[in-house]
Amino acid sequence: MAHRKPPLREVHADRGATFTGFGGWEMPVEFDSIRTEHAAVRDSAGIFDVSHMSEIEVSGPDATELMQRLTTNDVTALDPGDSQYSCITDGSGVILDDTVVYALPDELTDADSPEPTYLFVPNAGHDEQMYERWTTHCDEWGLDATVDDRTEEWAMFAVQGPDAPDLVADAAGSDVLDLSRFEAAYATVAASECLVARTGYTGEDGFEVLCPWDAAETVWAEFDCQPCGLGARDTLRIEMGFLLSGEDFDPENEPRNPYEAGIGFTVKLDTEFVGRDALERAKKDGVDERFVGLKLDERGIARHGYELRDKDGESIGHVTSGTMSPTLGEAIALGYVKRNYAEPGTRIRVVVRGDEKRARIVNTPFLEDK
Amino acid sequence: MFEVPDDLRYMESHEWTTTDDVARIGITDFAQDELGDVVFVELPDEGDELTKDEEFGVVESIKAVSDLYAPISGTVVGVNEALFDQPELVNDDPYAEGWMLEVEPANEAEFDELLTAEEYREQTE
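Right, let's walk through the structure included here. On a predicted model such as this, the values are computed, not experimentally measured, just so you know. (Residues numbered from 1 in each chain as written. Chains lettered and ligands numbered in written order. Predicted model: local features only at pLDDT ≥ 70, side-chain atom pairs only at ≥ 80, totals over all residues. Heavy atoms only, no water.)

1. So, the overall build of chain B
Consideration 1: Helices and strands together make up the secondary structure of chain B, namely four helices and nine strands.
Consideration 2: When the elements of chain B are put in sequence order from the N terminus, they spell out β-β-β-α-β-β-β-β-β-α-α-β-α.
Consideration 3: Here the C-alpha radius of gyration of chain B, 13 Å, is about what a compact globule of 125 residues would show, namely 14 Å.
Consideration 4: If one aligns the C-alpha atoms of chain B with their principal axes, the spans along those axes are about 35 × 35 × 20 Å.
Consideration 5: Scored against the burial criterion, the 125 residues of chain B give a buried share of 54%.
Consideration 6: Sequence-distant contacts in chain B: of pairs separated by 6 or more residues, those separated by 24 or more amount to 63%. (Helix = DSSP H or I, 4+ residues; strand = E, 2+ residues; numbered from the N terminus. Rg over C-alpha atoms; globule rule 2.2 N^0.38 Å. Buried < 20%, exposed > 50% of the residue type's maximum accessible area, 1.4 Å probe, protein only. Contact = heavy atoms within 4.5 Å.)

And the structure:
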């Protein structure tokens, strides 16, 4: 099946980007070098085209009820312009996706509706599945809400790094500097109305800018900083210990509930949602395995799928993401281990191409363990 | 375009070798560019035997892991240990400072089975 293309596919190709298939999209993986792009985000600023992320809009009188029942966090805590990290779980509490839910700022919210309009951002390639899930449940529960898949109407860019606030303020007006983390506002960038949110996936200060698909080129050009691909996005998020859908959790290949995955803070058991009862039991019983960070103490790199063992050679878990950290110059990884091995400082082994390499459990974000 | 020195011989899997009495082996400019930032190299020890077309080590970039294949059979007589601390030499200078092994060839006729520079250029165009 042909990959979907972001609106700036050819602009990136002309700039010399190399591409990769990700979530059914053909996305830039590298513009210059992962090391250069990674360093730009940590030291100054970089811009990522993340138009492969999905956008689903939910409006109408029962929009809040529908969002509340299908996400694990408490959407009633959101004022217009707020956003929150959340999970979408199945009936057994397994994470189907993680997402950011925005209660859209007032200006574009339907004046006739007493309920906020929501926009949530599922991972790449999940838009159809989530649209189906929302519309099916809306009908089943007899709710009055409208669900729209806006994935190919909104392009999305992430401007990240210590210099990002100034860059975004220059492009969108200095009001955006008043936004706190996880707050969003409408702002005009290159004569287009955009949603500008102080969110991101790199651990740095920065913004995500949603703009109309057909304005993507002029909006992108407003930000004069290092273009970055998915390669640097991956090394940056691993350094922060952030989960990647499909790698660190996946309903088919890596079924995990939010407590195992270390994001139990997204679960509000005093709300009603699909998977709530299963998660209440999981919280009460505790989890068998936990998501941890680890560092290798010998030469080698731990990659997705590598086995973890204890000093006696017993299997205790596996790696889900790993890389050589460009910032630390050390091999770092994320994965799941049996809970009695999850304490920072615990000595373990990683099986790298058949050889056991010494490693230890460390706190995440890795950067704070420097 | 990628550099493909005329005096080397090449494998389809992007290793190069000199044809000297002690042959030097590495990966090509094309290969290092495809891999991106090289961050780790795993190589055999001096005294180990290589068998033509079989794996002899691993090169890892931030984004990928690739096996290394022996262009010729022979005995390892030198290992570029600088790569253990500076794997980026493979990116910076793949035909000189980024060399990987020195090998005493077991059968010099094997050089003739490898691609010439011209043939390798055609493959990577």
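What follows continues from the structure just given.
2. Some remarks on the packing of helix α3 (residues 63-70) of chain A against helix α4 (residues 127-140) of chain A
Residues and elements named next belong to chain A.
Consideration 1: It is at 11 Å that the axes of α3 and α4 come closest, and there the two elements cross at 115°. The chirality of how α3 crosses α4 is right-handed. The residues of α4 that touch α3, namely those facing L66, M67 and L70, are R133, W134, H137 and C138.
Consideration 2: Here the contact of α3 with α4 is built from residues that sort into five nonpolar, one polar and one charged. (Axes fitted to C-alpha atoms, helices over the stretch in contact; angles between N-to-C directions. Left-handed = near helix turned anticlockwise from the far one by under 90°. Nonpolar A, V, L, I, M, F, W, Y, C, P; charged D, E, K, R; others polar.)

3. Thoughts on the interface of chain A and chain B
Consideration 1: Facing 13 residues of chain A, the contacting portion of chain B comprises 15 residues.
Consideration 2: Of the roughly 1300 Å² buried between chain A and chain B, counting both surfaces, carbon and sulfur atoms make up 48%.
Consideration 3: Looking only at chain A, the three residues that lose the most surface to chain B are R299, R303 and R353 of chain A, adding up to 43% of its buried area.
Consideration 4: In this structure, the connection of chain A to chain B is made through five salt bridges.
Consideration 5: Here R353 of chain A ties to E42 of chain B by a salt bridge, and the two come within 3.1 Å at their closest N and O atoms.
Consideration 6: Inspection of the region where chain A meets chain B yields eleven residue pairs in polar contact (both at pLDDT 80 or more).
Consideration 7: Sorting the residues of the side of chain A that touches chain B by element identifies α2 (34-43) and β16 (315-324) of chain A as the ones contributing at least two each.
Consideration 8: Residues belonging to the side of chain A that touches chain B are distributed by class as follows: four nonpolar, four polar and five charged. (Buried area = accessible area lost by both parts, 1.4 Å probe. Salt bridge = Lys/Arg side-chain N within 4 Å of Asp/Glu carboxyl O. Polar contact = N/O pair within 3.5 Å; in protein donor to acceptor, adjacent residues only side chain to side chain.)

4. Thoughts on the nonpolar core
All names here are of chain A.
Consideration 1: Counting 27 residues, the largest nonpolar core has F157, V159, V168, V176, V196, V219 and F223 as its most contacted members.
Consideration 2: Sorting the residues of this core by element identifies β9 (154-160), α5 (164-172), β10 (184-189), β11 (192-197), β12 (206-212) and α6 (216-221) as the ones contributing at least two each.
Consideration 3: Looking at this core element by element, the count peaks at six residues for α5.
Consideration 4: The contacts of V176, once residues within four sequence positions are left out, are V168, A169, A187, V196, R198 and F207. (Core = buried A, V, L, I, M, F, W, Y, C linked by side-chain atoms within 4.5 Å.)

5. Regarding the packing of aromatic side chains
Residues and elements named next belong to chain A.
Consideration 1: Inspection of every chain in the model, using the stated rule, returns nine aromatic pairs over all chains.
Consideration 2: With a centroid separation of 5.1 Å and 70° between ring planes, the pair formed by F157 and W220 is classed as edge-to-face. One end of the pair, F157, is in strand β9; the other, W220, is in helix α6, and 63 residues separate them in sequence. In this pair, the class of F157 matches that of W220, namely buried. (Phe/Tyr/Trp six-rings, centres within 6.5 Å; stacked < 30°, edge-to-face > 60°.)

6. Some words on α2 of chain A
Consideration 1: When we look at burial in α2 of chain A, the residues that qualify are I34, E37, H38, A40, V41 and R42 of chain A.
Consideration 2: Looking at the buried residues of α2 of chain A, the elements they touch are β2 (25-30), β3 (46-49), β9, β13 (226-228) and α7 (230-240) of chain A.

7. Quick word on the sheet that holds strand β9 (residues 101-105) of chain B
All names here are of chain B.
Consideration 1: With respect to topology, six strands assemble into an open sheet ordered β1-β2-β3-β9-β8-β5, the strand pairing being antiparallel. Edge positions in the open sheet fall to β1 (9-10) and β5 (49-50), since each of these has one partner strand only.
Consideration 2: Two strands pair when backbone bridges link them, and β1 and strand β2 (residues 15-17) are joined in this way by two bridges, in the antiparallel orientation. In the strand pairing of β2, Y10 is matched with W16. (Pairing = 2+ DSSP bridges.)

8. Examining the pattern of salt bridges
Consideration 1: By the definition in use, this model includes 36 salt bridges over all chains.
Consideration 2: A salt bridge links D37 of chain B to R35 of chain A, with the shortest nitrogen-to-oxygen separation between them at 3.9 Å. One end of the pair, D37 of chain B, is in the loop between α1 (29-35) and β4 (38-42); the other, R35 of chain A, is in helix α2, on a second chain.
Consideration 3: When its relative accessible area of 11% is taken as the criterion, D37 of chain B is described as buried.
Consideration 4: Note on R35 of chain A: relative accessible area 34%, which makes it partly exposed.
Consideration 5: One salt bridge in this structure joins E307 of chain A and R309 of chain A, with 3.2 Å as the shortest N-O distance.
Consideration 6: Beyond isolated ion pairs, a larger network of salt bridges with shared partners links K5, R9, E10 and E26 of chain A.

9. Overview of the pairing of β10 of chain A
Residue and element names in this part refer to chain A.
Consideration 1: With six bridges connecting them, β10 and β11 associate as antiparallel partners. Bridge pairing in β11 links V189 to S192.
Consideration 2: In this structure, the hairpin formed by β10 and β11 is closed by a connection of two residues, where A190 is found at a positive phi of approximately 50°.

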